[in-house]
Amino acid sequence: MSDPQITLYRLQACPFCERVVRTLNELGLEYRSRYVEPMHSERNVVKRVSGARSVPAIVDRETGVTMSESANIVEYLKGTYGEGGA
């Protein structure tokens, strides 16, 4: 079995991250969660992949998209994988 195409960088108990998780689950998408350091200045893994230390952030290997900000991610996921999407 191969790794899921989508990786979600998130914090525990983060409402913005949970919004993205709900959307991924509603769309039936497989994804990998990567929990990151709670301290903003230590989120170097997120900065390496997205250019910023903010979460949530996703990397979609299927489309080559990397982005952060929950509203943007939800819009992207629905537009790409929702009804009428890819």
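Everything discussed here concerns the structure shown above.
A brief look at the structure comes next. Please read these numbers as outputs of a predicted model, since none were measured by experiment. (Residues numbered from 1 in each chain as written. Predicted model: local features only at pLDDT ≥ 70, side-chain atom pairs only at ≥ 80, totals over all residues. Heavy atoms only, no water.)

**Thoughts on the overall build of the protein**
Working step 1: When its secondary structure is counted, the protein shows three helices and four strands.
Working step 2: Written out in order from the N terminus, the α and β elements of the protein read β-α-β-α-β-β-α.
Working step 3: Taking 86 residues into account, the globule formula puts the C-alpha radius of gyration at 12 Å, and the protein, at 12 Å, falls close to it.
Working step 4: When its C-alpha atoms are laid out on the principal axes, the protein stretches across 40 × 25 × 25 Å.
Working step 5: Looking at the 86 residues of the protein, the share that counts as buried comes to 36%.
Working step 6: Sequence-distant contacts in the protein: of pairs separated by 6 or more residues, those separated by 24 or more amount to 51%.
Working step 7: When the accessible surface of the protein is totalled, it reaches about 5,300 Å², and 46% of it is carbon and sulfur.
Working step 8: With 11 positive and 11 negative side-chain charges, the protein shows a spacing of 7 Å between the two charge centroids. (Helix = DSSP H or I, 4+ residues; strand = E, 2+ residues; numbered from the N terminus. Rg over C-alpha atoms; globule rule 2.2 N^0.38 Å. Buried < 20%, exposed > 50% of the residue type's maximum accessible area, 1.4 Å probe, protein only. Contact = heavy atoms within 4.5 Å. Areas by Shrake-Rupley, 256 points an atom, 1.4 Å probe, with all protein chains shown as cover. Lys, Arg positive; Asp, Glu negative; His and termini not counted. Charge placed at Lys NZ, Arg CZ, Asp CG, Glu CD.)

**Considering the packing of helix α1 (residues 15-26) against helix α3 (residues 70-81)**
Working step 1: Running from N to C, α1 and α3 point in directions that differ by 5 degrees, and their axes come no closer than 9 Å. In terms of their interaxial angle, α1 and α3 are classed as roughly parallel. Listed contacts from α3 to F16, R19, V20, T23 and L24 of α1 are S70, A71, I73, V74, L77 and K78.
Working step 2: Within the contact of α1 with α3, the residues separate by chemical class into seven nonpolar, two polar and two charged. (Axes fitted to C-alpha atoms, helices over the stretch in contact; angles between N-to-C directions. Parallel < 35°, antiparallel > 145°, perpendicular 65-115°, else oblique. Nonpolar A, V, L, I, M, F, W, Y, C, P; charged D, E, K, R; others polar.)

**Observations concerning the side chain of S70**
Working step 1: Relative to the elements of secondary structure, S70 occurs in helix α3.
Working step 2: Overall, the relative accessible area of 7% leaves S70 in the buried class.

**Here's the deal with the pairing of strand β4 (residues 65-68)**
Working step 1: Two elements, strand β3 (residues 57-60) and β4, share four bridges in a ladder whose sense is antiparallel. Across the sheet, V59 pairs through a bridge with T66, a residue of β4.
Working step 2: Between the antiparallel neighbours β3 and β4 lie four residues, among them G64 with a positive phi of about 80 degrees. (Pairing = 2+ DSSP bridges.)

**Let's talk about the sheet that holds β4**
Working step 1: Within the open sheet, the four strands sit side by side as β2-β1-β3-β4. Their pairing is mixed. At either end of the open sheet lies a strand with only one pairing partner, and these are β2 (31-35) and β4. Across the sheet, the mean angle from the axis of one strand to that of its neighbour is 15 degrees, orientation sign disregarded.
Working step 2: Contacting β1 (6-10), β2 and β3, α1 runs over the sheet at an angle of about 155 degrees to β1.
Working step 3: Against the sheet, α3 touches β1, β3 and β4, its axis set at about 145 degrees to β4.

Worth remembering: the numbers are spatial, not functional.
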